[in-house]
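# Geometric and topological summary
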Amino acid sequence: MTKLYENEHPVKAFGWAARDASGVLSPFNFSRRATGEKDVQFKVMYCGICHSDLQQLKNEWSTSIYPMVPGYELVGVVTETGSKVEKFKVGDKVGVGCLVGTCRKCENCDNNLEIYCPDHIMTYNGIYTDGTTTYGGYSDIMVTDEHFVVHWPENLPMEAAPLLNAGITTYSPLKYFGLDKPGMHIGIVGLGGLGHMAVKFAKAFGTNVTVISTSASKKQEAIERLGADSFLVSRDPDQMQAAAGSLDGIIDTVSAIHPLLPLINLLNTHGKLVIVGAPEKPLELPVFPLLLGRKLVAGSCVGGIKETQEMVDFAAKHNITPDVEVVPMDYVNTAMERLAKSDVKYRFVLDVGNTLNKS
């Protein structure tokens with residue numbers, strides 16, 4: 001069976017894969033397609049570990065394809081370009097996020113909203129146009145159509161790879177929903193991989209940031225480490241009541257089941273609650289508080305490729321990087337166990353380029 005994956009395409013590749021819903025990863029020989037005329041091949045140097053990697057490894061969304069090579073926060077160095085590639089050359093630092101393909105002709109694609117294309121192809125756990133499974137960044141090399149590759153700024157450390165998922169997932173809704181105006185009061189729910197990036201971007205936009213968490217112990221890190229202006233314990237009714245109607249918008253990054261009513265009550269008239277976490281079960285939505293304040297509850301995924309480039313350039317200009325713990329490839333299963341317990345500040349990044357060894 002292994003030979004099938006090794007010989008599926010002409011270019012030999014190596015990474016770590018899960019074989020079933022146990023989610024346990026182990027070394028995996030497979031193959032990548034030859035570099036097509038519009039393709040960029042690059043050596044993967046760093047790859048972030050996202051909470052959704054954990055969810056897909058364990059088939060929590062019932063869409064998992066095995067063997068699975070996760071990873072859609074990849075940064076690397078170009079090793080080969082196709083004959084018609086215009087934007088990249090060998091030696092360039094590049095990044096690839098969640099997407100490696102779309103239809104390129106629908107309204108969303110035309111408007112640089114590729115993630116909302118009905119036929120989008122995910123960087124891993126997807127089916128490519130040739131019918132083969134896509135494999136992600138827990139691997140030595142990547143081959144991607146240049147349209148889905150971004151330039152990585154020289155002054156941005158490559159281990160800041162989580163910008164390509166956690167970064168754009170929080171940057172995009174702040175921009176789209178107009179929550180990026182200096183002086184606005186913005187709430188950030190949850191202080192994990194997504195939440196800490198939301199705080200950093202919201203502060204860079206000049207907004208007044210309140211972190212909302214179930215855990216009072218996170219107050220010090222929210223204010224002193226990340227620069228938030230204030231902190232609310234969502235389980236404290238007095239604190240929540242005192243802050244009622246005080247926020248212009250909220251970015252909710254929590255992926256666990258949680259009540260929305262306390263958050264809606266924090267919004268002022270016309271306030272916006274934007275959900276970017278992905279709970280596996282439905283959340284209850286109370287309607288009357290929305291009616292009585294003309295409030296909005298919305299969702300947002302990652303951004304398109306153009307916006308991802310804009311976000312990376314903004315991060316480089318304002319020196320915004322995720323707080324990461326860089327770990328070797330053979331630590332990946334321990335990292336997953338720790339991630340499941342939220343035991344990381346705030347994002348694991350695999351040092352693929354220096355530690356992925358076949359031996």
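As the structure is a computational prediction, the values presented were derived from the model and not from experiment.

## Overview of the domain arrangement of the protein chain
Quite often, the size of an interface is put as the accessible area lost when its parts meet. According to the domain assignment, the protein chain contains domain 1 (11-164 + 323-351) and domain 2 (166-299). Taking only C-alpha atoms, the centre of domain 1 and the centre of domain 2 are 28 Å apart. Listed by partner, the interface residues are twelve residues for domain 1 and 17 residues for domain 2. Each partner contributes to the roughly 1,100 Å² buried at the junction of domain 1 and domain 2, and carbon and sulfur atoms together form 46% of this total. When residues of domain 1 are sorted by the area they lose upon contact with domain 2, Leu-163, Asp-323 and Tyr-346 head the list and together hold 52% of the total. At the boundary of domain 1 and domain 2, one finds three salt bridges.

## Some thoughts on the sheet that holds strand β11 (residues 208-213)
Strand order across the open sheet formed by six strands is β12-β11-β10-β13-β14-β15, with parallel pairing between neighbours. At either margin of the open sheet sits one strand with a lone partner, and together these are β12 (230-233) and β15 (296-299). Pairs of neighbouring strands in the sheet enclose a mean axial angle of 20°, with direction left out of account. As defined by bridge partners, strand β14 (residues 267-275) adjoins β15 across four bridges and the pair is classed as parallel. Looking at β15, one finds that Val-274 is bridged to Ala-298. Docked against the sheet, helix α5 (residues 193-204) engages β10 (185-189) and β11, running at close to 165° with respect to β11.

## Some words on the nonpolar core
The tendency in soluble globular proteins is for nonpolar side chains to be buried as a group. In this structure, Ile-49, Tyr-138, Trp-152, Leu-163, Phe-201 and Val-332 are the most contacted members of the largest nonpolar core, which totals 99 residues. Both domains that meet at this core, namely domain 1 (11-164 + 323-351) and domain 2 (166-299), each give it at least three residues. Filtering out sequence-adjacent residues up to four positions away, Trp-152 remains in contact with Val-75, Lys-93, Val-94, Pro-157, Met-158, Ala-160, Ala-161, Leu-163, Leu-164 and Val-312. Counting 15 residues, the second-largest nonpolar core is a separate cluster that includes Ala-243, Leu-260, Ile-264 and Leu-290.

## A short note on the UniProt feature "domain: Enoyl reductase (ER)" (unreviewed entry) in the protein chain
Mapped onto this numbering, the UniProt entry gives "domain: Enoyl reductase (ER)" (unreviewed entry) at residues 23-350. Summarising residues 23-350: 24% helix, 26% strand, and an end-to-end C-alpha distance of 17 Å.

## Focus: helix α11 (residues 332-340)
The α-helix winds at 3.6 residues per turn, so residues separated by three or four positions along the chain end up facing the same way. Val-332, Ala-335, Met-336, Arg-338 and Leu-339 are the residues of α11 that are buried. Looking down the long axis of α11, one finds its buried residues gathered within 165° of arc, a one-sided arrangement. Every exposed residue of α11 that faces more than 90 degrees away from the buried side is listed here: Glu-337 and Ala-340. Taken together, the buried residues of α11 touch β1 (11-18), β2 (25-32), α2 (51-57), β16 (324-327) and β17 (347-350). In the stretch just after α11, Ser-342 is the one whose phi turns positive, near 60°.

## Here we look at the side chain of Asp-180
With respect to the element layout, Asp-180 can be found in the loop between α4 (166-176) and β10. In terms of polar contacts, Asp-180 uses its side chain to reach the side chain of Lys-181, at 2.7 Å. For Asp-180, the contacting residues outside a window of four places in its chain are Leu-174, Lys-175, Phe-205 and Thr-207.

## Points about a nonpolar patch on the surface
On the surface, a nonpolar cluster with roughly 490 Å² of combined accessible area is contributed by Val-287, Phe-288, Leu-291 and Leu-292. For Val-287, the position within the fold is in the loop between β14 and α9 (288-291).

## A word on the packing of aromatic side chains
Here the structure, examined in full by the defined rule, presents eleven aromatic pairs. Centre to centre, the rings of Phe-28 and Tyr-135 are 5.8 Å apart; their planes meet at 70°, and the pair counts as edge-to-face. Of this pair, Phe-28 sits in strand β2 while Tyr-135 sits in the loop between β7 (121-122) and β8 (141-145), and the two are 107 residues apart along the sequence. Residues Phe-205 and Phe-314 carry aromatic rings whose centres are separated by 5.1 Å and whose planes lie at 40° to one another, so their mutual orientation is tilted. Placement of Phe-205 in the loop between α5 and β11 and of Phe-314 in helix α10 (residues 305-317) is noted, with a sequence separation of 109 residues between them.

Quick notes on the rules
Residues numbered from 1 in each chain as written. Predicted model: local features only at pLDDT ≥ 70, side-chain atom pairs only at ≥ 80, totals over all residues. Heavy atoms only, no water. Domains from an automatic or database assignment. Contact = heavy atoms within 4.5 Å. Buried area = accessible area lost by both parts, 1.4 Å probe. Salt bridge = Lys/Arg side-chain N within 4 Å of Asp/Glu carboxyl O. Pairing = 2+ DSSP bridges. Helix = DSSP H or I, 4+ residues; strand = E, 2+ residues; numbered from the N terminus. Axes fitted to C-alpha atoms, helices over the stretch in contact; angles between N-to-C directions. Core = buried A, V, L, I, M, F, W, Y, C linked by side-chain atoms within 4.5 Å. Buried < 20%, exposed > 50% of the residue type's maximum accessible area, 1.4 Å probe, protein only. UniProt positions renumbered as here; feature names shortened; annotations may be inferred. Arc of directions from axis to C-beta. Polar contact = N/O pair within 3.5 Å; in protein donor to acceptor, adjacent residues only side chain to side chain. Patch = residues over 30% accessible without salt bridge, like charges linked within 9 Å, V, L, I, M, F, W, Y side chains within 5 Å. Areas by Shrake-Rupley, 256 points an atom, 1.4 Å probe, with all protein chains shown as cover. Phe/Tyr/Trp six-rings, centres within 6.5 Å; stacked < 30°, edge-to-face > 60°.

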